[in-house]
Amino acid sequence: CKMIVADPRFTRTAAKADQYVRIRSGTDIPFLFGVLYHVFKNGWEDKQYIADRVYGMDKVREEVLAKWTPDKVEEACGVPEDQVFQVAKTMAENRPSTIVWCMGQTQHSIGNAMVRASCILQLALGNIGKS
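Here's what I pulled together on the structure shown here. Model, not experiment: these values are computed from the prediction.

**Some remarks on the overall build of the chain**
Okay, so step 1: Of the regular secondary structure elements, the chain holds 8 helices and 2 strands.
Okay, so step 2: Along its sequence from the N terminus, the chain presents helices and strands in the succession β-α-β-α-α-α-α-α-α-α.
Okay, so step 3: Projected onto its principal axes, the C-alpha coordinates of the chain cover approximately 40 × 30 × 30 Å.
Okay, so step 4: The buried share of the chain, reckoned over its 131 residues, is 44%.
Okay, so step 5: The long-range share in the chain, meaning contacts at least 24 apart out of those at least 6 apart in sequence, stands at 67%.

Here is the structure:
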């Protein structure tokens, strides 16, 4: 399987990853929505899955495409557009997949929102509830 690590620190896990993305601490949401921007922009979302199982993704799509453009994402988290694009492409081409988060997301003051953003990306790709 492909492994992508997004972390401010270069860890032992990052050293083994196919892709390592160094985000600024606390910028998980801009990064995740930056990935989602490319998913929507390139039509990589699972349209049937969304139609059958997801409520409100149209509003998420509108907000992400309007507010989380590559320049805004790079400004927020320090990750260049081509790297965010590559993460989105890898996730879109390797489904079903999962996102594993640990204390880095959950112990922030906005940890709940970070976890929700991770779940939204998974829903857009149609990965929730699949083996």
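**Here we look at the environment of Arg 95**
Okay, so step 1: The topology assignment puts Arg 95 in the loop between α6 (81–93) and α7 (103–106).
Okay, so step 2: Classification of Arg 95 by relative accessible area gives partly exposed; the value is 34%.
Okay, so step 3: Along the primary structure Arg 95 and Ser 131 are separated by 36 residues, whereas in three dimensions their C-alpha atoms are 9.9 Å apart.
Okay, so step 4: Separated by 3.0 Å, the side chain of Arg 95 and the backbone oxygen of Ala 92 make a polar contact.
Okay, so step 5: One polar contact links the side chain of Arg 95 to the main-chain carbonyl oxygen of Leu 125, over a distance of 2.9 Å.

**Examining the pattern of salt bridges**
Okay, so step 1: By the definition in use, this model includes 5 salt bridges.
Okay, so step 2: Through salt bridges with shared partners, a single network forms among Glu 45, Lys 47 and Arg 61.

**A look at empty space enclosed by the protein**
Okay, so step 1: All chains considered together, the criterion is met by 1 cavity of 30 Å³ or more.
Okay, so step 2: What lines the largest cavity is Gly 34, Tyr 37, His 38, Pro 70, Val 73, Glu 74, Val 79, Pro 80, Glu 81 and Val 84.

**Quick look at the layout of surface pockets**
Okay, so step 1: Space inside the largest pocket adds up to approximately 1,000 Å³.
Okay, so step 2: Taken together, 35 residues form the lining of the largest pocket, with Ile 4, Val 5, Ala 6, Ile 99 and Val 100 sitting closest to its centre.
Okay, so step 3: Contributions of two or more residues to the lining of the largest pocket are made by β1 (4–6), α2 (28–41), α6, α7 and α8 (111–125).
Okay, so step 4: Ranked by the residues each element gives to the lining of the largest pocket, the list is headed by α2, at 4 residues.
Okay, so step 5: Looking at the lining of the largest pocket residue by residue, the classes come out as 19 nonpolar, 12 polar and 4 charged.

**Some remarks on α2**
Okay, so step 1: If you check α2, its first and last C-alpha atoms are 20 Å apart, about what 14 residues at 1.5 Å a residue would give, namely 20 Å.
Okay, so step 2: Just past α2, the residue Gly 43 takes up positive phi, approximately 70°.

**Regarding the environment of Ser 118**
Okay, so step 1: Summarising the element assignment, Ser 118 is placed in helix α8.
Okay, so step 2: On the basis of relative accessible area, Ser 118 is assigned to the buried category, the value being 0%.
Okay, so step 3: In sequence terms Ser 118 and Asn 94 are 24 residues apart; their C-alpha atoms lie 16 Å from each other.
Okay, so step 4: Those residues in contact with Ser 118, other than ones at most four positions away along the chain, are Leu 32, Ile 99, Trp 101 and Gln 105.

**So, the nonpolar core**
Okay, so step 1: By size, the foremost hydrophobic cluster in this structure holds 33 residues, and its most contacted members are Phe 31, Val 35, Leu 36, Val 39 and Leu 121.
Okay, so step 2: Sorting elements by how many residues they give to this core places α2 first, with 9 residues.
Okay, so step 3: Among all residues touching Phe 31, those that are not within four sequence positions of it are Ala 6, Val 21, Ile 23, Val 73, Cys 77, Val 84 and Val 87.

Basis of the calculations
- Residues numbered from 1 in each chain as written.
- Predicted model: local features only at pLDDT ≥ 70, side-chain atom pairs only at ≥ 80, totals over all residues.
- Heavy atoms only, no water.
- Helix = DSSP H or I, 4+ residues; strand = E, 2+ residues; numbered from the N terminus.
- Buried < 20%, exposed > 50% of the residue type's maximum accessible area, 1.4 Å probe, protein only.
- Contact = heavy atoms within 4.5 Å.
- Polar contact = N/O pair within 3.5 Å; in protein donor to acceptor, adjacent residues only side chain to side chain.
- Salt bridge = Lys/Arg side-chain N within 4 Å of Asp/Glu carboxyl O.
- 1 Å grid on protein atoms, 1.4 Å probe; cavity = no way out; pocket = protein on both sides within 12 Å on 5 of 7 lines; lining within 4 Å.
- Points joined across faces, edges and corners; volume = space filled by probe spheres on them.
- Nonpolar A, V, L, I, M, F, W, Y, C, P; charged D, E, K, R; others polar.
- Expected span 1.5 Å × (residues − 1).
- Core = buried A, V, L, I, M, F, W, Y, C linked by side-chain atoms within 4.5 Å.

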